[in-house]
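# Observations on chain architecture
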Amino acid sequence: MLEVVVGTVAVLLALTGLAIMLGPALPRLLGRARRPGRLGTVPVTVPALTDPHPTTARALAAATRLGVMLQGQGLERQASALGLAAKRLRLEEARGIYAMQQVLRHLRGVRLDDPDDQEIFEGLLGQLRRALSDRAEQLELLPRS
């Protein structure tokens, strides 16, 4: 009788160890994977993108205006870099701020032919720089050199 109890416990321990090793693949191996149409399942939803923070929205608006101006001046490469940084800012705010600051460093050397356009360009750069520094301060991001 004792041998039967010890044997049963040993088999249960071995099955438990096997179930732990298989982990999440166990239901699939047993053929009991849940199908999306069955009762009791929770539908998978993609989280909705929220509106950006107002300071970030100001930075994105300034970046959009700046990008349009750069494209109008024929500076496609700079406009593209600015657009990519803006996209990063929408998706990953902290990394987007750093990317946008990097683009701003490269835009410092851009000079436009028309003095009025240059003044507008510098004003937009200032707006964007202020919005980014405000948001970086709000998020307590450390400056990168």
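Every value quoted in this text rests on a predicted model; they were computed, and no experiment measured them.

## Points about the overall build of the chain
In terms of regular secondary structure, the chain is built from six helices and zero strands. Every one of the 145 residues in the chain was classed for burial, and the buried ones make up 24%. Sequence-distant contacts, at least 24 apart, represent 62% of the contacts inside the chain between residues at least 6 apart.

## Describing the nonpolar core
In this structure, Leu66, Leu82, Met100, Leu107, Phe121, Leu128 and Leu132 are the most contacted members of the largest nonpolar core, which totals 26 residues. Only helix H3 (54-72), helix H4 (76-91), helix H5 (93-107) and helix H6 (115-138) provide two or more residues apiece to this core. Setting aside anything within four residues of it in sequence, one finds Met100 in contact with Ala63, Leu82, Ala85, Ala86, Leu89, Leu128 and Leu132.

## A short note on the side chain of Thr56
Mapped onto the secondary structure, Thr56 falls in helix H3. Given the relative accessible area of 4%, Thr56 is considered buried. Reaching out from Thr56, the side chain makes a polar contact with the side chain of Arg135 at a distance of 3.5 Å. The contacts of Thr56, once residues within four sequence positions are left out, are Leu89, Glu93 and Arg135.

## Topic: H5
Its 15 residues give H5 an end-to-end C-alpha distance of 20 Å, which sits within 8% of 21 Å, the value for a rise of 1.5 Å per residue. Along H5, the residues that are buried comprise Gly96, Ile97, Tyr98, Met100, Val103, Leu104 and Leu107.

## A look at the confidence of the model for the chain
On average, the chain scores 85 in pLDDT, and the residues at 70 or more come to 86%. Low pLDDT (under 50) marks residues 44-48, which in the prediction has zero contacts with non-local residues, meaning those over four places away or in another chain.

## Digging into unusual backbone geometry
In this structure, Glu140 takes a positive phi of about 60° despite not being glycine. For Glu140, the location among the structural elements is in the segment after H6. Using a relative accessible area of 69% as the deciding quantity, one classes Glu140 as exposed.

## Points about a negative patch on the surface
Among the surface-exposed residues, Asp113, Asp114, Asp116, Glu119 and Glu122 lie close enough to one another that they form a single negatively charged patch. Looking at the element boundaries, Asp114 is found in the loop between H5 and H6. Residue classification places Asp114 among the partly exposed positions, given a relative accessible area of 32%.

## Concerning H6
Helical geometry note: an α-helix holds 3.6 residues per turn, so side chains three or four residues apart project in the same direction. Given a rise of 1.5 Å per residue, 24 residues ought to cover 34 Å, and the 35 Å separating the end C-alpha atoms of H6 matches this to within 8%. For H6, the set of buried residues is Gln118, Phe121, Leu124, Leu125, Gly126, Leu128, Ala131, Leu132, Arg135 and Ala136. The secondary structure elements touched by the buried residues of H6 are H3, H4 and H5. Looking one or two residues past H6, Glu140 carries a phi angle of roughly 60°, positive in sign.

## As for the pattern of salt bridges
Inspection of the entire model under this criterion finds four salt bridges. In this structure, the salt-bridge partner of Arg95 is Glu92, at a minimum N-O distance of 3.7 Å. Classification of Arg95 as exposed rests on a relative accessible area of 52%. A residue is classified by how much of its surface remains accessible, and Glu92, at 33% relative accessible area, is partly exposed. Between Arg135 and Glu93 there is a salt bridge, with the nearest N and O atoms lying 2.7 Å from each other.

Analysis parameters
Just so you know, the residues in each chain are numbered from 1, in the order the chain's sequence is written. In keeping with the predicted nature of the model, local features appear solely for residues at pLDDT of at least 70, side-chain atom pairs appear and are counted solely at 80 or more, and the whole-chain, interface and lining totals rest on all residues. Values shown for side chains rest on all heavy atoms present in the structure; no hydrogens or waters enter the calculation. The helix count covers DSSP runs of H or I at least four residues long, the strand count covers runs of E at least two residues long, and both are numbered beginning at the N terminus. Exposure is judged per residue with a 1.4 Å probe applied to protein chains only, and the accessible area is read against the type maximum: over 50% gives exposed, under 20% gives buried, and values in between give partly exposed. Here, residues are in contact when the closest pair of their heavy atoms is within 4.5 Å. Residues grouped as a nonpolar core are buried Ala, Val, Leu, Ile, Met, Phe, Trp, Tyr and Cys residues, joined through side-chain atoms within 4.5 Å. Here a polar contact means two N or O atoms within 3.5 Å. Within protein one must be a hydrogen donor candidate and the other an acceptor candidate, and residues neighboring in sequence count only if both atoms are side-chain atoms. To estimate the expected span of a helix, count its residues, drop one, and scale the result by 1.5 Å. The predictor's confidence in any single residue is recorded as pLDDT, a number from 0 to 100. Each patch is built from residues that are more than 30% exposed by relative accessible area and take part in no salt bridge. Like charges join if they lie within 9 Å; nonpolar side chains (Val, Leu, Ile, Met, Phe, Trp, Tyr) join within 5 Å. Here the Shrake-Rupley method, with its probe set to 1.4 Å, supplies the accessible areas, and only the displayed protein chains count as covering residues. Put simply, a salt bridge is a Lys or Arg side-chain nitrogen that is within 4 Å of an Asp or Glu carboxyl oxygen. In this tally, Lys and Arg are treated as positive and Asp and Glu as negative; His is ignored, and so are the chain termini. The location of each charge is read from NZ of Lys, CZ of Arg, CG of Asp or CD of Glu.

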